[in-house]
Amino acid sequence: MSEKVKPYKNSELGKKEQVAQMFDTISKEYDGLNRVISFGIDVSWRNKVVEIVKKTNPSTILDIATGTGDLAINLNKTKASKIIGLDISEGMLNVGRDKITKLNLNKTIELVYGDSENMPFDSNSFDAITVAFGVRNFENLEKGLAEIYRVLKPGGIFVVLETSVPTKTPFKQGYHFYSTKILPVIGKLFSKDKVAYKYLSDSAASFPYGETFNNILQKNGFIDVKCKPQTFGVASIYVAKK
């Protein structure tokens, strides 16, 4: 399970604290490097998430593991009256706040520090909840999902964008080579944190994707669960309801 993979093997900190430390360190370089290692395809994946959410006409949206706020900003296209982005890395949030201020979106979008497994929101608060590349960083996956279920309104939509592993040849072999050989090298060359991008690769490989994650969502009470593989299966969009 993904919670066994931690950024710093020699650290005595828990996974949650290690992830926060890692993202604080790479926060200023994250956006640019992320575009490079994904060849910019992650932008189109986020746009698909926005379109899925937009069809439900939400008034309130929570974006968990919002990081530098990319998805939260894109979700403004839904015309929701309030969008909250939650993250455990103040470094990432500060980068995101600067972007939101420059776009003059402070009245609609608010980025707040918080733990996805113990959120500071009332039950049944949000029409839609999204997570992009964040569920694999949860220290306790099922606890995080249970908390998401709690704050989502009945009938609300939950959309997850997460990396997955292609199952068909030659994409499976190509993905393995890129994620284990190329991505960590790029991270070492361009990142302040030499182990961060190896962790991102390892955590993606260990995440219970596809039908396995569908089953976990259903186990935690979600209904109408669907998995939509993206770009030969290197990522997946999961859609569920409460």
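Before any of the text, the structure's been laid out above.
Source: prediction; values computed, not measured.

How each quantity is defined
- Residues numbered from 1 in each chain as written.
- Predicted model: local features only at pLDDT ≥ 70, side-chain atom pairs only at ≥ 80, totals over all residues.
- Heavy atoms only, no water.
- Helix = DSSP H or I, 4+ residues; strand = E, 2+ residues; numbered from the N terminus.
- Phe/Tyr/Trp six-rings, centres within 6.5 Å; stacked < 30°, edge-to-face > 60°.
- Buried < 20%, exposed > 50% of the residue type's maximum accessible area, 1.4 Å probe, protein only.
- Lys NZ or Arg CZ within 6 Å of the ring centre and 35° of its normal.
- Salt bridge = Lys/Arg side-chain N within 4 Å of Asp/Glu carboxyl O.
- Pairing = 2+ DSSP bridges.
- Right-handed = clockwise from strand over helix to strand, strands pointing away.
- Axes fitted to C-alpha atoms, helices over the stretch in contact; angles between N-to-C directions.

**Student:** Would you mind showing me how to read unusual backbone geometry here?
**Tutor:** Generally, phi is negative for residues other than glycine and the peptide bonds are trans, each holding for most cases. Here the residue pair Thr169 and Pro170 is connected by a cis peptide bond, since its omega of 0° sits within 30 degrees of zero. Despite not being glycine, Lys79 has its phi angle at roughly 70°, a positive value. Residue placement: Lys79 occurs in the loop between helix H3 (70–74) and strand S2 (82–87).

**Student:** Sorry if this is basic, but what is going on with the packing of aromatic side chains here?
**Tutor:** Think of a pair of aromatic rings as described by two things: how far the centres are apart, and how the planes are tilted against each other in angle. Enumeration over the complete set of coordinates arrives at nine aromatic pairs. Where Phe23 meets Tyr30, the ring centres are 5.9 Å apart and the plane angle is 80°; that geometry is what we call edge-to-face. Relative to Phe232, the ring of Phe171 lies with its centre 4.2 Å away and its plane at 10°, an arrangement referred to as stacked. Here Phe171 is found in helix H6 (residues 171–190), whereas its partner Phe232 is found in the loop between strand S6 (223–230) and strand S7 (235–241), with 61 residues between them in sequence. Looking at Phe171, the relative accessible area reads 35%, which means it is partly exposed. Judged by its relative accessible area of 58%, Phe232 falls in the exposed class. Lying across the ring of Tyr149, Lys242 places its NZ or CZ 4.8 Å from the centre.

**Student:** In this structure, what is going on with the pattern of salt bridges? I would like to understand it.
**Tutor:** Pairing of side chains with opposite charge becomes possible as their charged atoms draw close. Counted by the stated rule, this structure contains 14 salt bridges. With a shortest N-O distance of 3.3 Å, Asp70 and Arg35 are connected by a salt bridge. Linking Asp70 in helix H3 with Arg35 in helix H1 (residues 15–37), this pair joins segments that are 35 residues apart in sequence.

**Student:** How should I be thinking about the pairing of strand S5 (residues 152–163) in this particular structure?
**Tutor:** Moving residue by residue along a regular strand, the side chains alternate between the two faces of the sheet. Within S5, nine of the twelve residues are buried, which leaves it mostly tucked inside the rest of the structure. Note that strand S4 (residues 126–132) and S5 share six bridges and pair parallel. In the sheet register, Ala128 faces S5, and the bridge partner there is Ile157. Assessed by its sense of winding, the connection that carries the chain from S4 through helix H5 (residues 141–151) to S5 is right-handed. As defined by bridge partners, S5 adjoins S7 across seven bridges and the pair is classed as antiparallel. Counted as the bridge partner of Phe158 is Ala240 from S7.

**Student:** Sorry if this is basic, but what is going on with the sheet that holds strand S1 (residues 60–64) here?
**Tutor:** Strands pair in a sheet through their backbones, by hydrogen bonds, and they do so in one of two ways: parallel or antiparallel. A sheet is described by the order of its strands in space; here seven strands give the open sequence S3-S2-S1-S4-S5-S7-S6, paired in mixed fashion. Only two strands of the sheet have a single neighbouring strand rather than two, namely strand S3 (109–113) and S6. Mean inter-strand twist for the sheet, computed between neighbouring axes without regard to direction, equals 15°. As paired elements, S2 and S3 share five bridges and run parallel to each other.

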